[in-house]
Amino acid sequence: MTSLFDSDPSPASAAPIILDGRSAPSADDALLAGLNPQQRQAVEYRGSALLIVAGAGSGKTSVLTRRIASLIDRREAWPSQILAITFTNKAATEMRERVQALLGNTADGMWISTFHSACVRILRREAESIGKTANFTIYDSGDTRALIKRIVKDLDADTLGFTVAGVSGKISKLKNELSDVETYARSANLSDPQEVMFLEIFRQYTKALRSANAFDFDDLISETVFLFRAFPRVAALYQRRFRHILVDEYQDTNHAQYSLIRELTMPIAPAIADDLEQQGLHVRALQDAVGVVPGASLTVVGDSDQSIYAFRGADIRNIVEFERDFPGAKVVLLEQNYRSTQNILSAANAVIANNFDRKDKKLWTAVGDGEKIVGFTGYSGHDEAQFVADEIEKLHANGMDYRDIAVFYRTNAQTRALEEIFIRSALPYRIMGGTKFYERAEIKDSMAYLIAVANPDDMLALRRILNTPKRGIGPATETQLGSYAGDNGITFREAMRDAGSLGLGPKVTNAILQLSALLDEAAAKADPTAPAGASPVADVLTFLLDQSGYLEALRSSRDPQDEARAENVEELVAVTKEFARNNPDGGLIDFLTEVSLVAAADEIDDSSGTVSLMTLHTAKGLEYDAVFLTGVEEDLLPHRMSAGEPGGPAEERRLFYVGITRAKKRLFLSLAMTRAQFGETAVAMPSRYLQEIPADLIDWKQSPGSATSRGGTQPRALNARRPGSRWGEETGQRNFGAAALDRPKAEWPNRITATVRDNGDLELAAGDRIRHTDFGDGRVTAVTGEGTKRVAHVQFEKAGTKKLLIKIAPIEKL
DNA sequence: CGGGCGTGTATTTTT
DNA sequence: TACACGCCCG
C-alpha cells in the first residue's frame, strides 16, 4: 500500500480548501444539469453538516456523486480529502465509476468504500498500536460461530441453556454498542450464574481472537473507534486527511458506526495540530484563530422509511436526531421520484403511512400512472413460482430483458420452489446471496490454508486444515498440540513445528511435521520481502492445494458430490487469478481481505442476461423494470419471528415498502395458500400489508378472497376479512390445508400451465456447436453427468463459459 | 481414528 | 427436507 499521509499529493497548505461558500463557480454547470431545485441545493450547499432525506428513487446517488464532483471541480477539496461510505462494495464501485465519469480520472486517492473496508484499511495500518499485526484475519459469522461453539462446549455452558446463536448474537449486540468485556463486566450482575457464565464465554472469546490475531466483523468498526479514542494523535491523522465525509444509507448505521463518524469529524486540538505540522503534515491552512483544525464537513443521506437493519443494531435515531447531534445542520428533502410509476408509488405511500412514528413524506412522480399492480394467489408455493415464471416469460416475450427483472422474497428458504420451477421453465436466473460460494466447506478449507500461511497465529484456520485432507491427525492429537502450546507459552503453529517432542506415534508426528513444512514453504513463497518477491496468490494456492493432497483427495473420492467440490476449488483458483488481474499489486492479505468483505449484493453483475433472485434485504438500493414480490403472507411478511420484537411489525412494513419501491414499471405481488416448511405443508394467510394497498391499484389475477370460493375476482373478501379469521373458516373447512391437498390442482381458476422444455435425448459431445436462446452460439467443451442429468459445458462466443442441463436448456444443435 | 448410520432439530433478515 | 451431531463398530 502506498503511504496514506507522507506522500500526500495534496499538502493541506496548498489545498484550496477555504470554505467560504463564495468560491467562484467554475464551468460546472454540467454538474447541475437536469437536477431539480432540491437536488441542486443538496449538491451546492456548503456547511459543516448536511442531511439529505432522500425518498426511494429520488436520485440520491446522482446527488452524492455530483456533490463530490462539485467539491473537486470547484477546487474546494482534493480527491484525497474525500471519504465516502456506502453500504456495499457494489454501491462503492458504482459511485466511484460515476464520479470518474463526471471528473475524468481525478478520482484517484478518494476513499470510496464500505464502513468495514475503510476500517480494515485503517486497522491494518495502525495494527501495532492495539496489539495486533497488520496480517490479522477477519472472522466472518461462520468463523465466529465455530469459535463460540468450541468455547461453549469447553465450558459446558450448553447445560445452562446457552446456544451458539444466542451467545454470538449477544456479543455482536454488545460490540455494536461499543461495550467490551470489561465494560460489560462492570455493569453485570455477578450474583446471576447465567451472567457469570456469559461473561466467561465473552472473555474467552475475546482472548481467543486476540491470540489468533483476528477481528470479527463487529470488531472492525468498534476497534477503530477504540483506536481513535485511545490515540488522539492517530485519530488526528485521519481527521486531518478527510475534510469531507459523506455517508450513504445513514438510517442503517449502528451506534459503533455512528461513533466512528463522530470521531472522524471531530476538530483537532491545537497541541495535536502543532504536532502534525512538525511531522511535516501541514495543517496551518486549516487552523482557525486559536489553532484548532475544525472538524470535517459531514453529509449524510438516508431515508428512515427504508431502515431495515434494526435487528443488526441499526439505530433509526441516528438519522432522526441528526439535527440535534450536529447543530446548525441543513436538511434537504428529496421527494420527487424518478424511478417508479404513480401506481407503484401510491401503493408504497399507502403502506408506509401505517407506520405512525414517522415524518410524513410522500413520493410523487411526473411519469404517470403506469400499469396496475398485478396480484396473484397461488395454491402452493410451487404454483406461485409457476405464476412468476410464466409472467416473466410474457414480459420477456414482450421485449423486456431478463436482467431487468427481479424476484424478491423474505427468507432464503423460499428460493427452493422458485428455483425448481425456473429450472423446469428454462428461465435463466441467478440467486444473489443465499448459500454463498465462500461459505462452502471446500472453499473455507482452501481459504484456511491461505489464512494459515498469512497469519500463523490463527489457530482456528490451523485446526481446520490439520486433518483436511485426512492425515490421521484426530481430535486427541489436536488437543495434545493445543495443551503443549498452552503449557509452553507458544502458539499452536510453533507447537506443530515442535511436534517431535510430543511423544506421539511416528506416523502422526510425521504428518504434522510435513504439513508444518508445507506451510513454511508456502509462506516463503508468499513473503513480499523475499528476494524473488511474492508469488501471485494463485500460485501459492495451487501449491498448497497440490502439495497438501487436498484437491487430489476430492478428485479421487467416491462421493459423487466431491467432484463438484473439486470444481468449486478450481473456481477459487480462477478467482485468485482474476484478483491478480484486477489488482496487480495485491498480495495475499489483500486477497483475503477482499474475500472476507464481499456482500450478497456485490455479486450482482448487471451485464448478465439473467433474472435476479434475492431477499428483500439484499434488494435495498437496487431497481428493476419489473419486480415480483413473493410470499406476501402472514408469518412470512411480516415474519413470525418479528412479531415479538418491539418495532418488529413496523420494520417488516418498511421491508415491504423497500420491495415495492424497487419497481420501475411493473410490480407483481404474489402469495400462496399453502406453503411447505420443513417438509410439512402449512396453511398461509394473506399478509396484513396487502389490505393497506388501495384496492383499485391492484388487478388480482387470482385474489386471496376468490381463491377459496372458486370464481369471482373481486378483492372484497380480502378487505372484509377480519384480522384473526382464517381462510378455512370462511368455507367451513377447518382443516383447509388437508382438504385442499386432495383436490386436483386444475380446479383453481386462472391457473397458468407451464410449458416445460424437453430436449429428449439430444446427443451432444465435445466439439459440437450449439445455439442458446439467450447466450447465443457456442461450442461444447465437455459433457458430464448421466441420463437426464447430463450437463454440457459450453464456451459461448459472447457469454463466456456456462454449464447447461442438456435435457431442458433452451438450446439447439447446429 | 474413520466412516457409517440413525435421530433430532431447525429457518429471518447480513456487513 | 436436510443437515449436524452423536454413537457404534471395524
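For chain A, an unreviewed UniProt entry supplies the name DNA 3'-5' helicase and the organism Leifsonia tongyongensis. The annotation that UniProt attaches to chain A under Sequence similarities (unreviewed entry) is "Belongs to the helicase family. UvrD subfamily."

Participant: Help me understand the packing of helix α19 (residues 441-454) against helix α24 (residues 537-548), please; the structure alone is not making it clear to me.
Facilitator: Angle between the axes and distance between the axes: these two values describe a pair of packed helices. In the contact formed by α19 and α24, the axes pass within 10 Å of each other and the chain directions differ by 110°. In terms of orientation, α19 and α24 fall into the roughly perpendicular class. Viewed along their axes, α19 and α24 form a crossing whose handedness is right-handed. Within the contact between the two elements, α19 uses Ser-446, Tyr-449, Leu-450 and Val-453 and α24 uses Val-537, Val-540, Leu-541, Leu-544, Leu-545 and Ser-548.

Participant: Sorry, what's going on with the packing of helix α6 (residues 141-154) against helix α7 (residues 164-176) here?
Facilitator: Put simply, α6 and α7 touch, their axes get as near as 9 Å, and they point 115° apart. Of the two possible hands of crossing, α6 and α7 adopt the one that is right-handed. Here α6 contributes Thr-144, Arg-145, Ile-148, Lys-149 and Val-152 to the contact with α7, which in turn contributes Val-164, Val-167, Ser-168 and Ile-171. Partitioning the contact of α6 with α7 into residue classes produces 5 nonpolar, 2 polar and 2 charged.

Participant: How should the domain arrangement of chain A be read in this particular structure?
Facilitator: For an interface, size is often stated in terms of accessible area lost upon the parts coming together. Each assigned domain of chain A is listed here: domain 1 (30-127 + 222-334), domain 2 (137-212), domain 3 (373-435 + 609-708), domain 4 (438-600) and domain 5 (768-813). Using only C-alpha atoms to locate each centre, domain 1 and domain 2 end up separated by 33 Å. For the pair domain 1 and domain 2, the summed buried surface comes to about 660 Å²; carbon and sulfur atoms form 64% of the total. Considering only the surface of domain 1 that becomes buried against domain 2, Ser-222, Phe-226 and His-255 emerge as the three largest contributors, covering 48% of it. For the pair domain 1 and domain 2, the number of links is 3 residue pairs in polar contact (both at pLDDT 80 or more). Counting residues per element, the ones that place at least two in the side of domain 1 that touches domain 2 are α5 (115-126), α10 (217-230) and α12 (255-264).

Participant: What should I look at first to understand the sheet that holds strand β2 (residues 82-86) in this one?
Facilitator: Whether parallel or antiparallel, the strands of a sheet pair through hydrogen bonds between backbone atoms. Pairing within the open sheet is parallel, and its 6 strands lie in the order β3-β2-β6-β7-β1-β8. Looking at strand neighbours, the two that pair on one side only are β3 (111-114) and β8 (330-334), the edges of this open sheet. The average angle at which neighbouring strand axes cross in this sheet is 15°, direction not considered. Looking at chain direction, β2 and strand β6 (residues 244-247) are connected through 4 bridges and run parallel. Note that in β6 the partner of Leu-83 across the bridge is Ile-245. Contacts from helix α4 (residues 89-103) reach β2 and β3, with the element oriented near 160° to β3.

Participant: Even after reading the chapter, I still don't get the confidence of the model for chain A, so can you show me in this structure?
Facilitator: Detailed reading of the predicted coordinates is not advisable wherever pLDDT falls low. Mean pLDDT over chain A stands at 80; residues scoring 70 or higher make up 85%. Across chain A, β6 holds the top mean pLDDT of 95, while helix α33 (residues 736-742) sits lowest at 31. Below pLDDT 50 for its whole length, residues 1-27 participates in 42 contacts with residues either more than four positions away or in separate chains.

Participant: Help me out: how do you make sense of the environment of Tyr-429 in this one?
Facilitator: Secondary-structure assignment places Tyr-429 in strand β11 (residues 429-431). Remark: the alpha-carbon pair of Tyr-429 and Leu-613, spanning 184 residues in sequence, is separated by 7.1 Å. In this structure Tyr-429 touches Glu-419, Phe-422, Ile-423, Thr-610, Val-611 and Leu-613, once residues within four positions along its chain are discounted. A polar contact of 3.0 Å, which involves the side chain of Tyr-429, links it to the side chain of Glu-419.

Participant: I'm lost on the packing of aromatic side chains in this one. Help?
Facilitator: All told, the structure shown has 18 aromatic pairs when counted by the stated rule. Ring geometry for Phe-408 and Tyr-624: centres 6.4 Å apart, planes at 70°, overall edge-to-face. Taken together, the residues span a long stretch of sequence, with Phe-408 in strand β10 (residues 405-409) and Tyr-624 in strand β13 (residues 624-629) at a distance of 216 residues. Residue Phe-408 is classed as buried on the basis of its relative accessible area of 0%. Note on Tyr-449 and Tyr-550: the rings are 6.4 Å apart at their centroids and 45° apart in plane angle, and the pair reads as tilted. In this pair, Tyr-449 sits in helix α19 while Tyr-550 sits in helix α25 (residues 550-555), placing the two residues 101 residues apart along the sequence. Note on accessibility: Tyr-449 and Tyr-550 belong to one class, buried. Three or more aromatic residues joined by ring pairs form one cluster here, namely Trp-111, Phe-228, Tyr-238 and Phe-242. If you follow Arg-124 out to its NZ or CZ, it ends over the ring of Phe-136, 4.2 Å from the centre.

Participant: Help me understand the environment of Ile-52 in this model?
Facilitator: Examined against the element boundaries, Ile-52 turns out to sit in strand β1 (residues 49-54). Each C-alpha atom of the pair Ile-52 and Gly-648 lies 26 Å from the other, and the pair is 596 residues apart in sequence. When neighbours within four sequence positions are excluded, Ile-52 is seen to be in contact with Ala-42, Val-63, Thr-299, Val-300, Val-301, Gly-302, Val-332 and Leu-334.

Participant: How should I be thinking about the nonpolar core in this particular structure?
Facilitator: In globular proteins that are soluble, nonpolar side chains generally tend to be buried together. If you look at the biggest cluster of nonpolar residues, it comprises 51 residues, and the most contacted ones within it are Leu-220, Phe-228, Ile-245, Val-247 and Phe-322. Counting residues per element, this core draws most heavily on α5, which supplies 6 residues. Residues contacting Phe-228, with those up to four places away along its chain left out, are Ile-122, Val-234, Ala-235, Tyr-238, Leu-260, Glu-263 and Leu-264. Counting residues in each nonpolar core, the second largest holds 49 residues, with Tyr-449, Leu-462, Phe-492 and Ile-512 among its members.

Participant: Please clarify how the layout of surface pockets should be interpreted in this entry.
Facilitator: To find the voids left in a structure, one rolls a probe of water-molecule size over its atoms. A volume near 730 Å³ is recorded for the second largest pocket. Along the walls of the second largest pocket sit 29 residues, with Leu-636, Arg-675, Ala-676, Gln-677 and Phe-678 positioned nearest its centre. Its residues assigned to classes, the lining of the second largest pocket comprises 11 nonpolar, 10 polar and 8 charged.

Participant: Is there a simple way to explain the side chain of Asp-143 in this structure?
Facilitator: Tracing the backbone shows Asp-143 in helix α6. Ignoring anything within four residues of it in the chain, the contact list for Asp-143 reads Ile-138, Lys-444 and Leu-460.

Participant: Sorry, what's going on with the pattern of salt bridges here?
Facilitator: Any two side chains of opposite charge can pair, given that their charged atoms come close. This structure, assessed with the given rule, holds 42 salt bridges. Across the pair Glu-634 and Arg-688 runs a salt bridge whose closest N-O atoms are separated by 2.8 Å. Taken together, the residues span a long stretch of sequence, with Glu-634 in the loop between β13 and α29 (648-660) and Arg-688 in the loop between β15 (680-683) and β16 (698-702) at a distance of 54 residues. On the basis of relative accessibility, which here comes to 15%, the residue Glu-634 falls in the buried class. Residue classification places Arg-688 among the partly exposed residues on the basis of a relative accessible area of 38%. Across the pair Glu-692 and Arg-653 runs a salt bridge whose closest N-O atoms are separated by 2.7 Å.

Participant: Which parts of the structure should I look at to understand unusual backbone geometry?
Facilitator: If a residue is not glycine, its phi is most likely negative; likewise, a peptide bond is most likely trans. Here the amide bond leading from Thr-468 into Pro-469 is cis, since omega sits at 0°, within 30 degrees of zero. Here Pro-469 lies in the loop between α20 (459-466) and α21 (475-488). With phi around 55°, Asn-213 is a residue other than glycine that occupies positive phi space. On the secondary structure map, Asn-213 appears in the loop between α9 (193-211) and β5 (214-216).

Reading the values: rules and limits
Residues numbered from 1 in each chain as written. Chains lettered and ligands numbered in written order. Predicted model: local features only at pLDDT ≥ 70, side-chain atom pairs only at ≥ 80, totals over all residues. Heavy atoms only, no water. UniProt positions renumbered as here; feature names shortened; annotations may be inferred. Axes fitted to C-alpha atoms, helices over the stretch in contact; angles between N-to-C directions. Helix = DSSP H or I, 4+ residues; strand = E, 2+ residues; numbered from the N terminus. Parallel < 35°, antiparallel > 145°, perpendicular 65-115°, else oblique. Left-handed = near helix turned anticlockwise from the far one by under 90°. Contact = heavy atoms within 4.5 Å. Nonpolar A, V, L, I, M, F, W, Y, C, P; charged D, E, K, R; others polar. Domains from an automatic or database assignment. Buried area = accessible area lost by both parts, 1.4 Å probe. Polar contact = N/O pair within 3.5 Å; in protein donor to acceptor, adjacent residues only side chain to side chain. Pairing = 2+ DSSP bridges. pLDDT = per-residue confidence, 0-100. Phe/Tyr/Trp six-rings, centres within 6.5 Å; stacked < 30°, edge-to-face > 60°. Buried < 20%, exposed > 50% of the residue type's maximum accessible area, 1.4 Å probe, protein only. Lys NZ or Arg CZ within 6 Å of the ring centre and 35° of its normal. Core = buried A, V, L, I, M, F, W, Y, C linked by side-chain atoms within 4.5 Å. 1 Å grid on protein atoms, 1.4 Å probe; cavity = no way out; pocket = protein on both sides within 12 Å on 5 of 7 lines; lining within 4 Å. Points joined across faces, edges and corners; volume = space filled by probe spheres on them. Salt bridge = Lys/Arg side-chain N within 4 Å of Asp/Glu carboxyl O.

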